[in-house]
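Read off the chains here:
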Amino acid sequence: MGLFKKWFQDVPLSSQNITKVPLHLAIIMDGNGRWAGKRGLPRSAGHRAGMERVRETVEICLEVGVKYLTLYAFSTENWRRPVEEVNFLMDLFEKSMKVEVAKLHQHKVRVRFIGLRHGLSPTLIKLMDESQELTEANDALTLNIAINYGGRSEIVVATQELLRAVVNHEITPEGITESAFSNRLFTSGQPDPDLLIRPGGEHRISNMLIWQSAYTELYFSDLFWPDFGREQILKALHYYSKRERRFGRVEGAQHDA
Ligand code: IPE
Ligand code: IPE
Ligand code: MG
């Protein structure tokens, strides 16, 4: 038994034996700064290393059939960081977009940006708009990049829109249903995330997709994002395969009672 267990644990994780694939995977890419600190490097080196992991993550999603991938890159709260770090990150987003979007387009990835435009530079906004336009018709994978994103501000903006619609008699207060609300979020038309991965050791959501993740499976890891490679993503996908999602029903039930 001991031997069998050992053999079993040594079997390399493969994308082939994932029995249940999340339709929508979300990742809070955390731990870049600490990864760098541990190596005596500046935090910026951690952000650069973190960016390297993105390509690999997209590749796995294409390989296993994840259809929506949401990556948390910069939160509405991250403006509180030192201006040098914020500027470095904005510059990194611009540079990465210039290089990566063409490759994503080749792989039929549709790129979307979720979050508020306010506060971002005109150059970055232009690149974001161009990337969205270029990749609009792609259907292999939808990649949502969350920049200047916060779940609370998203909910507030949706509420303002709904209220405006009520005031203009376009809908009644009763017309504010869960689906009407969902349709006003940045992720409108997309399924809710099935799995949320957070590396970096913290067990919190940090304002990520707070409406959409009501029933999302959560996977935490102590590894820092720059160390969260292919094997780690596969491990998280295997974890997800084994979850029974009940959505309030009883175990094994197929239908609403
Ligand atoms: C995540 O890594 C990237 C961003 C929030 C932009 P951090 O920069 O938060 O790294 P830690 O958590 O300080 O290690
Ligand atoms: C969450 O990480 C935001 C991103 C990864 C973009 P943070 O490092 O900002 O989260 P907190 O501050 O530790 O909650
Ligand atoms: Mg962090």
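As a starting point, this report considers the structure included with it. (Residues numbered from 1 in each chain as written. Chains lettered and ligands numbered in written order. Predicted model: local features only at pLDDT ≥ 70, side-chain atom pairs only at ≥ 80, totals over all residues. Heavy atoms only, no water.)

1. Describing the packing of helix α4 (residues 83–106) against helix α5 (residues 122–135)
Two quantities define a packed helix pair, namely the angle between the axes and the distance from one axis to the other. Selection rule: Lines fitted to C-alpha atoms define the axes, with helix axes restricted to the stretch in contact, and inter-axis angles between N-to-C directions lie between 0 and 180 degrees. The secondary structure listing takes helices from DSSP runs of H or I that are at least 4 residues long and strands from runs of E that are at least 2 residues long, numbered from the N terminus. Every angle not falling under 35 degrees, over 145, or within 65 to 115 is termed oblique; those three ranges are roughly parallel, roughly antiparallel and roughly perpendicular. In this scheme, a crossing is called left-handed if the near helix is turned counterclockwise away from the far one by less than a right angle; it is called right-handed if the turn is clockwise. The contact criterion used throughout is that any non-hydrogen atoms of two residues lie within 4.5 Å.
At a minimum axis separation of 10 Å, α4 and α5 run at an interaxial angle of 15 degrees. Judged on the interaxial angle alone, α5 and α4 are roughly parallel. The handedness of the crossing between α4 and α5 is left-handed. Between α4, through Met90, Phe93, Glu94, Met97, Lys98, Val101 and His105, and α5, the contact on the second element is made entirely by Thr123, Leu124, Leu127, Met128, Ser131, Leu134 and Thr135.

2. Overview of helix α8 (residues 230–241)
To be explicit about the condition: What a helix is expected to span follows from its residue count: subtract one and scale by 1.5 Å. Each residue's exposure class comes from its accessible area (1.4 Å probe, protein chains only) as a fraction of the maximum for that residue type: buried when under 20%, exposed when over 50%, partly exposed otherwise.
Here α8 is 12 residues long and its end C-alpha atoms lie 16 Å apart, about the 16 Å a rise of 1.5 Å per residue gives. Within the sequence span of α8, burial applies to Gln232, Ile233, Leu234, Ala236, Leu237, His238, Tyr240 and Ser241. Packing partners of the buried residues in α8 comprise β1 (24–28), α3 (43–64), β5 (195–198) and β6 (217–220).

3. Some words on the nonpolar core
What counts is decided by this rule: In this description, a nonpolar core means a group of buried Ala, Val, Leu, Ile, Met, Phe, Trp, Tyr and Cys residues linked to one another through side-chain atoms lying within 4.5 Å.
The biggest cluster of nonpolar side chains holds 41 residues, and the ones touching the most others in it are Ile27, Leu69 and Met97. Considering every element that reaches this core, the biggest residue donor is α4, with seven residues. Membership of the second largest hydrophobic core comes to nine residues, among which are Ala26, Tyr72, Ala146 and Leu196.

4. What to know about unusual backbone geometry
For Asn148, which is not glycine, the phi torsion reads 55 degrees and is therefore positive. Looking at the element boundaries, Asn148 is found in strand β4 (residues 141–149). Owing to a relative accessible area of 3%, Asn148 belongs among the buried residues under this scheme. One non-glycine residue, His169, lies in positive phi territory at about 60 degrees. With respect to the element layout, His169 can be found in the loop between α6 (151–167) and α7 (178–182). For His169, a relative accessible area of 73% gives the class exposed.

5. Quick notes on the site of ligand 2
Put simply, the rule reads: Throughout this document, a residue counts as near a molecule or strand when at least one of its heavy atoms sits within 4 Å of that molecule or strand. N or O atoms within 3.5 Å of each other form a polar contact, as long as, within protein, one can give a hydrogen and the other can take it, and as long as residues adjacent in sequence are counted only when both atoms are side-chain atoms. In the scheme used here, Gly and all other residues not listed as nonpolar or charged are polar, with Ala, Val, Leu, Ile, Met, Phe, Trp, Tyr, Cys and Pro taken as nonpolar and Asp, Glu, Lys and Arg as charged.
Around ligand 2 lies a shell formed by Ile28, Met29, Asp30, Tyr72, Ala73, Phe74, Asn78, Arg81, Arg198, Arg204 and Ser206. A distance of 3.1 Å separates an oxygen atom of ligand 2 from a polar atom in the side chain of Asp30. Arg198 is positioned with one of its side-chain polar atoms (N or O) 3.3 Å from an oxygen atom of ligand 2. If you tally residues by element for the shell around ligand 2, the top one is strand β2 (residues 68–75), at three residues. Of the residues that constitute the shell around ligand 2, the class distribution is five nonpolar, two polar and four charged.

6. Considerations on the site of ligand 1
So the rule is basically this: Note that accessible areas follow from Shrake-Rupley with a 1.4 Å probe, and for residues the cover is restricted to the protein chains shown.
Near ligand 1, the surroundings consist of 13 residues, among which Asp30, Gly33, Arg34, Arg43 and Arg81 are the closest. For ligand 1, an oxygen atom lies 2.8 Å from a polar atom in the side chain of Asp30. Arg81 places a side-chain nitrogen or oxygen 2.7 Å from an oxygen atom of ligand 1. Protein contact buries 87% of the 370 Å² of open area that ligand 1 shows by itself. Sorting the residues of the shell around ligand 1 by element identifies α2 (32–38), α3 and α4 as the ones contributing at least two each. Looking at the shell around ligand 1, the element that brings in the most residues is α2, giving three residues. In terms of residue class, the shell around ligand 1 is made up of three nonpolar, five polar and five charged.

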